[in-house]
Every structure is written in C-alpha cells, then in structure tokens.
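Architecture and fold: a report
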Amino acid sequence: MNCCFLLPFMLGIPLLWPYLTATGNSKTEEAEHPGGSHWRVKRDWVWNQFFVQEEMNRTNHSIGQLKFGIDNENNNYQYKLFGDGAGSTFVINEETGVLYAVQKLDREERDRYTLRAQVIDTATGRAVGPDSEFCIRVTDINDNEPKFLDGPYEAIIPEMSPEETSVIQVTASDADDPSFSYNAHLVYSLLQGQPYFSIEAKTGIIRISSKMDRELQDEYWVIIQAKDKIGLPGALSGTTSVLIKLSDVNDNKPVFKTSLYRMNVSESAPTGTSIGKIMAYDNDIGDNAEMEYIIEDDSQTFDIVTNHETQEGIVILKKKVDFEQQNNYRIKVKVKNPHVDEQLLKYHAETSTTIIKVQVGDEDEPPVFHLPHYVFEISEGSPQGSSVGTVSATDPDQKKSPIRYSIHITGSSAFCIDDNGTIFTASPLDREMSAWHNLSIKATEKNNVEQISSIPVYVQVLNINDNAPEFSDNYKTYVCENAGSGQIIQTISAVDRDKSIEDHYFSFNLSVEDTQNSSFTLIDNQDNTAVILTNRTGFSLQEEPVFYISILIADNGLPSLTSTNTLTIHVCDCGDDGSAQTCSDKDFTFSTRFRTEIAIVVAMLICIVTIFGLILLILSLKQRRKQILFPGKGEDFRENIFRYDDEGGGEDDTEAFDIAQLNSGAVLREPKTRKPAAGGLGSLYRQSLQVGPDNAIIREFILEKLREANTDPCAPPFDSLQTYAFEGTGSLAESLSSLGSAASDQDDSYDYLHELGPRFKRLASMFGSTMQSDN
C-alpha cells in the first residue's frame, strides 16, 4: 500500500484519540446468592470521560453530564459537586447533572482536575447513593512558542577549520504537550549565517559550511529559528543569536615591510651597544605572532636579539669595530615564527629577509700599544742611564698624532722614559732590595692630551754576585777552662743574599793569622757548614777571657766573593761537668736578670713621673684657687673692688676694728716676694668669719692684705677701691670709697699727677681740666 494513504490516517489518530476512550459504563452489580438465587440488578452512576480544551473563551462551556441510575421524575433529587475547582472553575446543573466550565483553563498551569459528585434527596436531605469521583482532563492547544532558555550563545572555533566541523548545539523548549498533535515537536533553521554555517533541523547542531580566515573576519553573528508542529502551518517560532568567534592559528608568516635598514655605530662604542632596531609584521596574534630574528651570514661583529614584548629585533655590537680597518658592514637578517605546527608548515616554507647596512663612525681614539704588556730584564748594579727596553704605541686614527710617553711607578723613581718610549734606569738597581719593578707606562697624543692609554711593564732585576756570604746567625761561643784538645765548641753556617742559578756552596777557612794560632782550628764539613775545635788543652779565664777568630767564607759565584767574619769565643768556668752549655745558661740567666732590672727601672721612672705630674697638678689647682680668692690682680682697670662676705654693722659701727690702723701714715712699700702659699691667708679669712669685730685676727687680716698690695708687682698704678668687712659709720677715716668724694675733692690739687710721668698724663689732664673748669 502506498505510504501516502497512510499519512493522513496516522496524523489523525492522535487528534481523535482522547475522544475514542470508553465512557464510564453503568456498573451493574449482580450478586449471586450462595444458594444460586439471583438478586435484582441495581443501577449506579453513569457518566462519560470528561475533556475540556484549554484557552476556551466561552463561559459556561458544557463539558458533559453526570447521571445517577434512579430517574428524577418528581425532581426530588439534586446533584452536588465537590473537589478541585468545584463552584469556581466548574459548576453542575443540580437538576440535570450537566457540567460546565465557567473559567478559561491553561493546561500548562494544570492539566487535570479530580472532583466528586453526590445526589441528595431534597425531601430528606440525605444522599441517595454513594459519591462518585471523576476526572476532568484539559486538552492542549498550540499556544506556546519555542524558547531558547540558554541564549544568546557564544562559541569559539579555530580559523581555517574544515567543513562540517561542529561549532555548537542550540536547544529550544516548548511548554505545550509533546504527546498531543506535534505541538511541542521542534525543527531548527538558519535565518542568518549562510554560507559559512548550517544547522541540523532536528538536533540544532551548527556546523561549518566553508573555511574562514580570521585575518579577514574574526567573528560572525548567526540567527537560529526554532518552530513547533514540525514546521506545519500554524506553527509558532522562537529565535536566538549565536556569536561565533574565530581563534587564531599560525597560518601567516612574519614579513619585513622594509627591505633595507641603515644604521650607524661609533668605533668607540663598547661591546653590547644597541645600534638599531628592525621590525617584521605578522597578521597572527598571541603566541602565533612571536618572532625570531637570525643573521644569515653568521656575523662575528654583530648580533640580533628579539624583544619579546614588542617583537622588535635589536641589533647589538658583538665585537668592537675599527673605522680604520672597516668602515661599513652589510648584514642579511631573516625572520621566522619559533612555534609552528606541522600541519601549518606549508604556510612558512619561505622566510622573509631584509638587509642592514651599518656605517662605522670615526672617533679620535687613544694610542694603542703594540703589546698588551712588556717584560724587560736588566742586571743589578747597572749604571745610571742604562737602557731597560722600549715600548711603542701609535695613534690608530688616520691623522697619526705623535705620541708622548710618561712613566708612573709608586714609591720609586728608579726609571725614566724618553719620547721614543725607551726606558732608562735613573739609579742603580739592587736585586736584593727588589727583584721586580712594576711600571705603568702612559702614552698620550700630543695633538689631544685627553687621549691617553696605559699598559703594565714588568722589569726583572737579574742577579749578579755582589754580596759576599756571611754568618747565618750571631753566634755566642763558649769554651771551658778545662776543655781538652780537639773538642767541638761551635758549628757555623753561612747565607748569601744573592740568587744563584745553582745551589749555593760555601767554603770555610781560617785567616792566615788564625791559622798560626794554635788555640783553635776549623774543619769544613763540605755541606755549607764548618766546626770550630780546640787545638790545645786548658784555657785561663783570668789571662785570656776572650778569643777572636777571623773566618773566611767564599761562595761559588762568578766571580767568587769572600768575606771575613769574626767569631767571638768566651772562656768560662764550666765547673766539674766541663760543658759549655753551663756558660750559655749563665748568660741567658744574666740577660734575663738584666732585662728584669731594666723593666723595674722603667716602672720606677714611670711612677716618679706620675707623682711629679700629680704634684704639678696640685700646685696648679692651688694657684688657680688663689686667683679665685683674690680676683682682678692682673686686670688693667682703674678701680678694683674687693668684696668679702663678712657683713659689718654699717657706717655707725665704730667698734668693728681699730680704725687707727687705716689712719696711719704712708706705708713704705718695701720689695718683698709674695708668699706663694695661699693657705694661711685663706685660713685667716675663714677665721675672720667666726670672730667678733674687735679682734686681732681682723687687724692681721687687713695688714696682710695691705702688705700684699704693696708687694704685688702686678698691681696697677691706678686708684683702687678695696672694701673691707666691718667698716662702720662714724669712723675717723670716714669712707674709703672714692665714689662719694666728689664734694671733698673740690679743694684738692692734682698738679702732682703731672710729675708722675707719662703713665699718669691722661689722669692728670682729666683731673686738671676738671678743677680748672670748676674754678
């Protein structure tokens, strides 16, 4: 059978299926008696299965009829409705049992209602039969459009992806009943996005239709539509958008946009100097745009590094350049991506290259020595002005400036240098003083004194045999009085300050005079040592306490040098043991005792000096205290006021002390040395504070002050006001102060001041002119 005839039949079955359900049959209960008798059939509720379509706009829409088995001929029965929505959503005709829907229903909110019906006898008010429970189903209509709950969408795919590559799957949902009339059966279609994308109608999977290049367009907006009812007429639809971004792949090689770069570098630039930058461009982004610059000709002078932040190639100086040797360079540089996938190598088959031309700039360079350092040799003892060697430097520039040399050596002036670079000795050299001399030679351009260079010069002083051998130690030799003949009393050795190519060899011999002396003899051991032996028996400490032996020591130098060294031999009383070691111990004890005595003497001297210093300090403090007690002795002023802390009774106090002492005649000042000790005067002063006004201590104190003023060689030849304690009023001498004597001075004559000499000239003119003006 042709399928075309079956299609309407298959589509119609779901639409008619709810209405094909069986109606509720009247339940006929046939109860059989156990004995086989039959009961009368009793009828019950009769009703069909109820359906109501959602979104019905009519009110009191009839759904169906409930019917009880007993006929309501007299209208004595009433139908009552209970349960979900009874009275509000659903009502029943109490007489006929017809059900009505009084409100619009929404299946998406509720698709089923369960109610109960009951028949009431109006006469008795009691139920006629049992309740009946029934169900009302809400049937679906296509009233909900599809919705994309997760939209809008966003997806990222690599550029140049092949066709049919899956991008993303979109999904819409429909609130309608999926089991009724295809209301929730969706199909997807593409409204925007062709020809680069396509979508599967059933699954909603978006796929690539053609390759895309991110460098041309990096993102696409795609509009997707979903329709229900499998797209049949009357279907509802919903749309969503999808943003599809293309991620970068390394499908572009870096390219130089400039085929030639020009750079400059000074010949004085140090290694590592950046001389310029180059830049290639890559349409890719991120890691795919990282570049690496390479010098193709493997240059030893220049190098190039990549700045990974800016992707620039930095040309740096690998080795110093010299304008005079080569003034320009040509470099070929290529660029590539360091990270390329194998499937993308076809895009990077050929690399981009560029040319860099570097021009070297000429600079005024310092002189250059022909060698990095010089080593010269000269024999010690060479006369002053001997040539040591020659250094040479030249100006590397084209002008070839003449060079001036100078020598710098720390702590010595043994060498000098001329304008040709030849080094001479300024004084004889001694290898034993210094075997090597380290010099610093500076070369300066005469045309530009700022251009200076220097090199080290090492001068080795060669040895000549100019030092004779000598004793290796200051020997202290002893021989006992009772020593026998042939006894060894000393072993000697020698040293030579000269440096010998071969090992030193010394020979020892007695002088001709000592050879004839029969007291001692010498034996050369042929190993650079010799022994001294006695040549007789017995020595006398009283007759010959000391012997002096001259020993000749010769070296093996060319020419050989011989020195005469004197060995002193002391005769000592060795005691019964006959050992010279006793004499050495005694000498050691004596030297130790001598050093101890010297230490004691030094300590005593230190103590004496310390004590003497303390005495001087005490005297100094006493002198300073005396100056404090009697201030102003050396000051040059006209009136000296001496104040004491003893407070008297005032001018009315005539009993303080004997004022007659002050009214005595002129006191002759006799030359008298001032007492150095101030302790007595201080004690008198302190005692004066403890006694009454009429006391001999006061008089003695005043007399002492008077004598001190008369004998003081530093006393100024001016008037002085001295205030003494216990000066009372009513005294016959009145006040000693000249401050209040202006009235009494009017009758005085000061002409005698002119006779006192030039030191009183100014005072005489002051008082003389005053008196004349007053008169």
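This text gives an overview of the structure that appears in the document. (Residues numbered from 1 in each chain as written. Predicted model: local features only at pLDDT ≥ 70, side-chain atom pairs only at ≥ 80, totals over all residues. Heavy atoms only, no water.)

Comments concerning the overall build of the protein chain
Check the secondary structure of the protein chain and you find six helices and 42 strands. When the 775 residues of the protein chain are sorted by exposure, 35% land in the buried category. Long-range contacts, defined as pairs at least 24 residues apart, comprise 66% of the intrachain contacts of the protein chain with a sequence gap of at least 6. Approximately 47500 Å² of the protein chain is accessible, and the part contributed by carbon and sulfur atoms is 51%. (Helix = DSSP H or I, 4+ residues; strand = E, 2+ residues; numbered from the N terminus. Buried < 20%, exposed > 50% of the residue type's maximum accessible area, 1.4 Å probe, protein only. Contact = heavy atoms within 4.5 Å. Areas by Shrake-Rupley, 256 points an atom, 1.4 Å probe, with all protein chains shown as cover.)

Focus on the environment of T273
Tracing the sequence through the fold places T273 in the loop between strand 17 (260-266) and strand 18 (274-281). Here the side chain of T273 touches P270 through a polar contact of 2.6 Å, landing on its backbone oxygen. (Polar contact = N/O pair within 3.5 Å; in protein donor to acceptor, adjacent residues only side chain to side chain.)

Brief notes about helix 5 (residues 696-711)
The terminal C-alpha atoms of helix 5, which comprises 16 residues, lie 22 Å apart, in line with the 22 Å expected from a rise of 1.5 Å per residue. Those residues of helix 5 that sit buried are I697, I698, F701, I702, E704, K705, E708, A709, N710 and T711. (Expected span 1.5 Å × (residues − 1).)

A look at the sheet that holds strand 4 (residues 77-83)
Strand order in the open sheet made by the four strands is 2-8-7-4, with mixed pairing throughout. Unpaired on one side and paired on the other, strand 2 (50-53) and strand 4 mark the two borders of the sheet. Within the sheet, the average angular offset between the axes of one strand and its neighbour, ignoring direction, is 30°. Both strand 4 and strand 7 (residues 112-121) contribute to a ladder of seven bridges, which runs antiparallel. Bridge pairing links Y77 to D121 in strand 7. (Pairing = 2+ DSSP bridges. Axes fitted to C-alpha atoms, helices over the stretch in contact; angles between N-to-C directions.)

With respect to the environment of T258
By the element assignment, T258 lies in the loop between strand 16 (255-256) and strand 17. T258 gets classed as partly exposed once you look at its relative accessible area, which sits at 35%.

Topic: the pattern of salt bridges
Following the criterion strictly, the structure yields 13 salt bridges and no others. When the shortest N-O distance is used, the salt bridge between E200 and R207 registers 2.9 Å. Note that D248 is salt-bridged to R214, the shortest N-O span being 3.0 Å. Of this pair, D248 sits in the loop between strand 15 (237-247) and strand 16 while R214 sits in the loop between strand 13 (205-208) and strand 14 (219-227), and the two are 34 residues apart along the sequence. When sorted by exposure, D248 lands in the same class as R214, which is buried. A single salt-bridge network, built from bridges that share partners, covers R214, E215 and D248. (Salt bridge = Lys/Arg side-chain N within 4 Å of Asp/Glu carboxyl O.)

What to know about the side chain of E365
As for its position among the elements, E365 is in the loop between strand 23 (352-361) and strand 24 (368-369). Within the buried core, E365 has no salt-bridge partner, and the shortest N-O distance to an opposite charge, that of K320, equals 5.7 Å. Setting aside its immediate chain neighbours within four residues, E365 contacts E267, D322, E324, D395, P396, D397, E445 and Q451. (Lys, Arg positive; Asp, Glu negative; His and termini not counted.)

Some thoughts on the sheet that holds strand 19 (residues 292-295)
Ordered in space as 17-23-22-19, the four strands form an open sheet in which the pairing is mixed. Since the sheet does not close on itself, it has two edges, and those belong to strand 17 and strand 19, each with one partner. With strand direction ignored, the average angle separating the axes of adjacent strands in the sheet is 30°. In the sheet, strand 22 (residues 328-336) pairs with strand 23 via eight bridges, with the strands oriented antiparallel. Across the sheet, V335 pairs through a bridge with S352, a residue of strand 23.

Topic: unusual backbone geometry
The omega angle of the peptide bond from G151 to P152 is -5°, so this bond is cis rather than trans. Note the cis peptide between Q194 and P195, where omega equals 5°. Within the element layout of this structure, P195 appears in the loop between strand 11 (187-192) and strand 12 (197-199). A positive phi angle, close to 60°, is found at M160, a residue other than glycine. Summarising the element assignment, M160 is placed in the loop between strand 9 (153-158) and strand 10 (166-169). With a phi close to 55°, K229 is a non-glycine residue in the positive phi region. Secondary-structure assignment places K229 in the loop between strand 14 and strand 15.

Some thoughts on the packing of aromatic side chains
For the structure on display, the rule yields 12 aromatic pairs. With a centroid separation of 5.1 Å and 70° between ring planes, the pair formed by F90 and Y113 is classed as edge-to-face. Taken together, the residues F90 in strand 5 (residues 90-92) and Y113 in strand 7 connect sequence positions 23 residues apart. For Y113, a relative accessible area of 9% translates into the label buried. Judged by centre distance (5.7 Å) and plane angle (80°), the rings of F539 and F547 are edge-to-face. By relative accessible area, F547 is classed as buried at 7%. Members of the aromatic cluster, joined through ring pairs, are Y196, F197 and Y220. (Phe/Tyr/Trp six-rings, centres within 6.5 Å; stacked < 30°, edge-to-face > 60°.)

So, the side chain of Q451
Residue position: Q451 is located in the loop between strand 31 (436-445) and strand 32 (452-462). In this structure, Q451 is in contact with D364, E365, P366, P367, A443, T444 and E445, ignoring residues within four places of it in sequence.

A word on the nonpolar core
Counting residues in each nonpolar core, the largest one holds 27 residues, and the members touching the most others are I492, F508, F520, I532, I551 and I569. Those residues in contact with F520, other than ones at most four positions away along the chain, are V479, I489, L510, D514, I532, L533, T534, N535, F539, F547, I549 and I569. I295, L317, Y329 and I356 belong to the second-largest nonpolar core, a separate cluster that totals 24 residues. (Core = buried A, V, L, I, M, F, W, Y, C linked by side-chain atoms within 4.5 Å.)

Concerning a nonpolar patch on the surface
Residues I611, F612, I615, L616 and L619 make up a contiguous nonpolar surface patch of roughly 500 Å² in combined accessible area. Looking at where I615 falls in the secondary structure, it is placed in helix 3 (residues 581-629). Among the residues examined, I615 registers a relative accessible area of 43% and is labelled partly exposed. (Patch = residues over 30% accessible without salt bridge, like charges linked within 9 Å, V, L, I, M, F, W, Y side chains within 5 Å.)

Some points on the environment of E200
Topologically, E200 is positioned in the loop between strand 12 and strand 13. Assessed through its relative accessible area of 29%, E200 is described here as partly exposed. For the pair formed by E200 and Q169, sequence separation is 31 residues and the distance between their alpha carbons is 9.1 Å. Every residue in contact with E200, bar those within four places of it in the chain, is listed here: Y188, I205 and R207.

With respect to the pairing of strand 22
By the alternation rule, side chains of strand 22 split into Y329, I331, V333 and V335, which are all buried, and N328, R330, K332, K334 and K336, of which none is buried. Bridge analysis of strand 19 against strand 22 gives four bridges, and the strand direction is antiparallel. Residue pairing across strands places Y293 opposite V335, the latter belonging to strand 22.

Brief notes about the pairing of strand 39 (residues 546-554)
Bridge count between strand 36 (residues 507-510) and strand 39: four bridges; the pairing is antiparallel. Directly across from N509, in strand 39, lies its bridge partner L552. In terms of strand pairing, strand 39 meets strand 40 (residues 562-572) through nine bridges, oriented antiparallel. Residue pairing for strand 40: I551 is matched across the bridge by N565.

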